[in-house]
Amino acid sequence: MSDARLSVFKTYKLFVGGKFPRSESGRVYEVTDSKGNWLANAPLSSRKDARDAVVAARKAVGGWSGATAYNRGQVLYRVAEMLEGRRDQFVAEVAEAEGLSKAKAVAQVDAAIDRWVWYAGWTDKIGQITGGTNPVAGPFFNVSSTEPTGVVAVLAPQESSLLGLISVIAPAIATGNTVVVVASEKAPLPALSLGEVLATSDVPGGVVNVLSGRTAEIAPSLAAHQDVNAIDLAGADAGLAKELEIAAADNLKRVLRPQAVDWAAAPGTDRMTAFLETRTVWHPTGSLGAGGSSY
């Protein structure tokens, strides 16, 4: 009996609403490594796929934003556990996508997992540095607190296929938003594999939706979509970014403009606060006399 086996090629699919659909159009495009060698066929998302992803993200907003911050942290930490279990797969995909040596790819993947854990730890702490009581000249309590913006469209960085990807997804969902992610056009495989990790963790369906394809083809639909509340332009070039900002202005979306970022550097809290809204509540305390509040 021959020991030869047929090659079992991996079929990459989109991740929308917790499921793995093929592109609505049935289209695919070739993904190659840094030397031009074929790696896989990735789904070529259409505008219909983008609209379906927004519907899924909107349905998930209530449950995800309504979960306790502590629970969101537990869920995100579970994702890090699953990433650690598939570490070798991601090392191989990142090495091929970015033309890195195995040692450098290992460093990238380890940093990506560590970053996911870092953001998981922030879920129940970010409110403490973004909100608080405000001093006012009158008999009132004045308290500001933050809440998620809602559905965030994210254009993943083009050059950093996993570390950059996680650096834009994790802060948005850690603060209670749901996201529609357009993966790196030339290196989408780590993003599509991340969808498989999310599906086998505790992240509710629709919280993260992953599309692959031509960024310039998918992004305008998301920027103009009336049910998308914010957009992160990390993966857009200058020309596309300007076009998307104009489209986003139609329904007053929050826009995070593209900028030069060292994804290996400490991330800080800027990407979490970028997609938070501040709510301020006034509450009467009663008359204040010499003895203080009537409370």
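All of the points below concern the structure found in this document. The structure presented is a predicted model; accordingly, all values stated were derived computationally and were not measured.

As enumerated under the stated definition, the model contains 14 salt bridges in all. Among the ionic pairs, Arg 58 bridges to Asp 227, the shortest N-O distance being 3.2 Å. With Arg 58 in helix H1 (residues 47-66) and Asp 227 in the loop between helix H8 (215-224) and strand E8 (230-232), this pair connects stretches of sequence that are 169 residues apart. Given a relative accessible area of 28%, Arg 58 falls into the partly exposed group. You can call Asp 227 partly exposed: its relative accessible area is 29%. Across the salt bridge formed by Glu 196 and Arg 86, the nearest N and O atoms sit 2.7 Å from each other. Taken together, the residues span a long stretch of sequence, with Glu 196 in helix H7 (residues 189-199) and Arg 86 in the loop between helix H2 (69-85) and helix H3 (87-98) at a distance of 110 residues. A relative accessible area of 17% means that Glu 196 is categorised as buried. Judged by its relative accessible area of 22%, Arg 86 falls in the partly exposed class.

Moving on, we get to unusual backbone geometry. We note that Leu 252 has phi near 55 degrees; this positive angle belongs to a residue other than glycine. In this structure, Leu 252 sits in the loop between helix H9 (238-248) and strand E9 (254-256). By relative accessible area, Leu 252 is classed as exposed at 75%.

The next thing to look at is the packing of H1 against H8. Remark: H1 packs on H8, axes separated minimally by 9 Å, with the N-to-C direction vectors making an angle of 45 degrees. Taken together, the axes of H1 and H8 lie oblique to each other. Along this stretch, H1 crosses H8, giving a crossing that reads as right-handed. Contacts between H1 and H8 pair Arg 47, Ala 50 and Val 54 from the former with Glu 217, Ile 218, Ser 221 and Leu 222 from the latter. Of the residues in the contact of H1 with H8, the class split is four nonpolar, one polar and two charged.

The rules we used
Residues numbered from 1 in each chain as written. Predicted model: local features only at pLDDT ≥ 70, side-chain atom pairs only at ≥ 80, totals over all residues. Heavy atoms only, no water. Salt bridge = Lys/Arg side-chain N within 4 Å of Asp/Glu carboxyl O. Helix = DSSP H or I, 4+ residues; strand = E, 2+ residues; numbered from the N terminus. Buried < 20%, exposed > 50% of the residue type's maximum accessible area, 1.4 Å probe, protein only. Axes fitted to C-alpha atoms, helices over the stretch in contact; angles between N-to-C directions. Parallel < 35°, antiparallel > 145°, perpendicular 65-115°, else oblique. Left-handed = near helix turned anticlockwise from the far one by under 90°. Contact = heavy atoms within 4.5 Å. Nonpolar A, V, L, I, M, F, W, Y, C, P; charged D, E, K, R; others polar.

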